[in-house]
Amino acid sequence: MGTHPLLIEGKPVVDAIYRDLRIAIEQLAAHGVVPCLATVLVGDDAASATYVRMKANACKKLGMQSQRVHLPAETTTQQLLQVIADLNNNPSVHGILLQHPVPDQIDERAAFDAIAPEKDVDGVTSVGFGRMTYQVPAYVSCTPQAILTMLDHYRIPMAGKHAVVVGRSAILGKPVAMQLLNRDATVTICHSKTVDLPAHLERADIVVAAVGKPRFIQGSWLKQGVVVMDAGYNPGNVGDADFESCVLRASAITPVPGGVGPVTIATLLQHTVRAAVAQTK
Ligand code: NAP
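One numbering rule holds for all chains: residues counted from 1, following each sequence as written. Only residues with pLDDT of at least 70 are given local features in this predicted model, and only at 80 or more are side-chain atom pairs given and counted; all residues enter the totals for whole chains, interfaces and linings. Derived side-chain values reflect all non-hydrogen atoms in the structure, with water molecules and hydrogen atoms excluded from consideration.

## Details of the packing of helix α1 (residues 11-30) against helix α6 (residues 142-153)
Each pair of packed helices can be summarised by the angle the axes make with each other and by the distance between the axes. What counts here: To obtain an axis, a line is fitted to C-alpha atoms, over the contacting stretch when the element is a helix, and the angle between two such axes runs from 0 to 180 degrees between their N-to-C directions. Helix and strand assignments come from DSSP, with helices taken as H or I runs of at least 4 residues and strands as E runs of at least 2, each series counted from the N terminus. Here the word oblique covers every angle except those under 35 degrees (roughly parallel), over 145 (roughly antiparallel) and from 65 to 115 (roughly perpendicular). Here, residues are in contact when the closest pair of their heavy atoms is within 4.5 Å. Put simply, Ala, Val, Leu, Ile, Met, Phe, Trp, Tyr, Cys and Pro go in the nonpolar bin, Asp, Glu, Lys and Arg in the charged bin, and everything else, Gly too, in the polar bin.
Packing of α1 against α6 brings their axes to within 10 Å, and their N-to-C directions diverge by 100 degrees. Relative to α6, the element α1 is oriented roughly perpendicular. Across from P12, V13, A16 and I17 in α1, the residues of α6 making contact are T149, M150 and H153. The class makeup of the residues in the contact of α1 with α6 is five nonpolar, two polar and no charged.

Structure below.
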């Protein structure tokens, strides 16, 4: 009370990641290799198109290459699997990002799992999830990894803390919960069928908001001193936590925008460069 909470901003973390990446990219250039991320977008969802464009622009800014594949909304699973197989076999592509969500007629899990593990820089394959869970080196899904990198960068301890993750999606809630567990947090995972969400949240030392609902998590549900990591990104640039009320309870909190989002993109590039290094050896 009375003290200002720490703002867990993305920029210092992004700057630190990009500093290291520039060095690695120069070293690769000496071997004639430019790291290349292939982005696959199926259909015309405006938000997805924006995300893909932001990722490609970030590649360009760092002197990396990106190869954009844009497929029509009526693409079949078989056609998408063929595109992914071609990218797997293309030695100039080091990482593959299939933008989620894909249209309903496509088996998204089959498409994700078709990505070669060594090119799975977005951490979406079942193999990647299993390896991460068992603490075998793997590319972790980018938003969960961004959240962990931010907690480490700001020296926020996880061991022994009670972390409550709100959301259980394959790309966010589940992997971030496993990562927090691997860092010795005691983890509660909440979802749409959870009964009395505030009762879980009031015991949280760390809250991860991954709900997909604007300003959903209320400060009145949280205890004083909580750390709030808001992965949400909703129209109007608002997160899944109600910043104005949560900031009154938090000892540390991510802003939206300018928090987890930019670190997620930096993480994707970091994984792509790592993949390029691994594939160059
Ligand atoms: P998602 O697939 O829609 O999953 C949302 C999760 O929230 C589900 O597990 C759902 O439970 C749960 N949920 C829904 N309503 C709830 C309620 N009333 N109480 C408790 N839990 C509830 O979303 P996502 O892909 O994980 O994304 C979550 C958020 O993160 C979104 O705001 C998205 O924009 C953002 N995001 C940001 C980045 C980034 O780069 N920063 C990347 C990806 C996503 P059920 O499983 O029971 O349905």
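## Concerning the side chain of H271
Operational definition: For every residue, the accessible area obtained with a 1.4 Å probe (protein chains only) is divided by the maximum for its type, and the residue is called buried under 20%, exposed over 50%, and partly exposed between those limits.
Assignment of secondary structure puts H271 in helix α10 (residues 260-280). We classify H271 as buried; its relative accessible area is 2%. Once residues within four sequence positions are removed from consideration, H271 is found in contact with V121, Y139, V140, C142 and Q145.

## Some remarks on the sheet that holds strand β4 (residues 95-98)
Sheet strands associate in pairs through backbone hydrogen bonding, adopting either a parallel or an antiparallel arrangement. Going by this rule: For two strands to be treated as a pair, DSSP must find at least two bridges joining them.
Overall, parallel pairing links the three strands, which are arranged β3-β2-β4 in an open sheet. Taken across any chain shown, the strands that pair with only one partner, and hence form the sheet edges, are β3 (65-71) and β4. Neighbour-to-neighbour, the strand axes of this sheet turn through a mean angle of 15 degrees, independent of strand direction. Looking at chain direction, strand β2 (residues 36-42) and β3 are connected through seven bridges and run parallel. When the bridges of β3 are listed, A38 appears paired with Q67. Sitting on the sheet, helix α2 (residues 46-61) touches β2, β3 and β4, and the angle it makes with β3 is about 160 degrees.

The analysis is restricted to geometry; functional conclusions fall outside its scope.
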